[in-house]
Amino acid sequence: MKRNYFILLTPFIFFGGCVTTRKLTKKHESLIGKYTFDNGSIKDLSSQGIDASLTNVEFVEDRFGNRNSAVQFNGTSSRIECSNNDRNITNSITVMAWIKMETGDLPAVVTKYDWHEDKGFSLRLREKGEAAIEGRDGNNKYRQSGHEGSLYDNSWHHIIGVISNNEWIVYVDGKMTSSSINENTSVDLTNTSTLTIGALPVPNGKGNFRYFKGIIDNVLIYNTALDEQQIKKIFKKSKKKSL
């Protein structure tokens, strides 16, 4: 008996050698700066891809003992500059880093701040080594929120600054340590200053750069305000590996 076979052909479109897609979460979409410094790299591993330039820094062991995977700053001239691109920062931001230091003079960790424009943020340490998120929001006033304990102990600490419109929040080692809410709900952090790690960007090079003396690692920047649960999750993961 003769049998007839029918093959149903359906249209198929093949793109770029891949038949699956990966949908990015909002958290990944908002990651606009990622500098792990692993193996001496200064590449921005976020979707922005804005690589950094170095001035008088040295690559050293990170908190896991991996060679050339964290950055040593000398406290007098070291800095990492990451362009003045605004990275779609508007009224919210989350900025974080692992740090290790013994002393400093109001040292800057991660900043994109210009007092002339009255806008921007600075994740830094205060006089006694307290972590703080500070800056200006376009309302002609200086804003700040800070941790009470000193981090000048030559130990690794994870510090996070969050600006959620008019709320400024600090986390240290996975715990919220300070929150400040101001009266202005119209916030604008956008500015033309250079995003700088380990120093404060100073117009025309005149002023106090607030140089950082110590080690900085695993800098992450989001142009949204992450919530407490997201931050705890990131801290837990980053204790085990570089993110």
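Check the entry above for the structure.
Let me sum up the structure you'll find in this document. From a predicted model like this one, the values you see are computed outputs, not experimental measurements. For every chain, the first residue of the written sequence is number 1, and numbering continues from 1 along that sequence. In view of the model being predicted, local features appear only for residues whose pLDDT reaches at least 70, and side-chain atom pairs are presented and counted only at 80 or more, with totals across whole chains, interfaces and linings using the full set of residues. Side-chain measures were taken over the full set of non-hydrogen atoms in the model, leaving aside hydrogen atoms and water.

## Looking at the sheet that holds strand β7 (residues 108–114)
And step 1. With respect to topology, seven strands assemble into an open sheet ordered β2-β5-β14-β7-β8-β9-β10, the strand pairing being antiparallel. The outermost strands of the open sheet, each flanked by one partner alone, are β2 (53–55) and β10 (142–146).
And step 2. A pair of strands is treated as paired once DSSP finds two or more bridges between them. In this text, helices come from DSSP runs of H or I with a minimum length of four residues, and strands from runs of E with a minimum of two, each type numbered from the N-terminal end. One ladder, built from six bridges, connects β7 with strand β8 (residues 119–125); its direction is antiparallel. Following the sheet pairing, D114 is matched in β8 by K119.

## Examining the packing of aromatic side chains
And step 1. Pairing of aromatic rings covers Phe, Tyr and the six-membered ring of Trp, with a centre-to-centre limit of 6.5 Å; geometry is then stacked below 30 degrees between planes, edge-to-face above 60, and tilted otherwise. Applying the stated criterion across every chain, the model contains five aromatic pairs.
And step 2. Each ring, one from W98 and one from F235, has its centre 6.0 Å from the other, and the planes form 20 degrees; the classification is stacked. Here W98 is found in strand β6 (residues 92–100), whereas its partner F235 is found in helix α2 (residues 228–238), with 137 residues between them in sequence. With respect to class, W98 is no different from F235; both count as buried.
And step 3. Ring geometry for Y113 and W115: centres 6.1 Å apart, planes at 55 degrees, overall tilted.
And step 4. Partly exposed describes any residue whose relative accessible area lies between the buried limit of under 20% and the exposed limit of over 50%, with all areas from a 1.4 Å probe on protein chains only and scaled to the type maximum. On the accessibility criterion, W115 (32% relative accessible area) is partly exposed.
And step 5. Among the aromatic side chains, those forming a connected cluster through ring pairs are Y113, W115 and Y142.

## Some remarks on the nonpolar core
And step 1. Counting residues in each nonpolar core, the largest one holds 38 residues, and the members touching the most others are I99, V109, V110, F121, I197, I216 and V219.
And step 2. In this analysis, two residues are considered to be in contact whenever any of their non-hydrogen atoms come within 4.5 Å of each other. Excluding residues within four positions of it along the chain, F121 makes contact with I89, I93, V95, V110, T111, K112, Y113, I133, E134, G135, I163 and L195.
And step 3. For the purposes of this section, nonpolar cores are sets of buried Ala, Val, Leu, Ile, Met, Phe, Trp, Tyr and Cys residues that join through side-chain atoms within 4.5 Å. One finds M96, Y171, L226 and I231 within the second-largest nonpolar core, a separate group that totals 12 residues.

## What about the pattern of salt bridges?
And step 1. Salt bridges are defined by distance alone: a side-chain nitrogen of Lys or Arg within 4 Å of a carboxyl oxygen of Asp or Glu. A full pass over the atoms with the stated rule returns 11 salt bridges.
And step 2. Residue R210 pairs with D105 through a salt bridge whose shortest N-O separation is 3.2 Å. Here the residue R210 occupies a position in the loop between β14 (196–197) and β15 (213–222), and D105 occupies one in the loop between β6 and β7, the gap between them amounting to 105 residues.
And step 3. Between E228 and K232 there is a salt bridge, with its nearest N and O atoms 3.8 Å apart. Placement of both E228 and K232 in helix α2 is noted, with a separation of four residues, approximately one turn of the helix.
And step 4. Residue classification places E228 among the partly exposed positions, given a relative accessible area of 32%.
And step 5. The exposure class of K232 is partly exposed, given its relative accessible area of 37%.
And step 6. If you follow the salt bridges from partner to partner, you end up with R124, R126 and E134 in one network.

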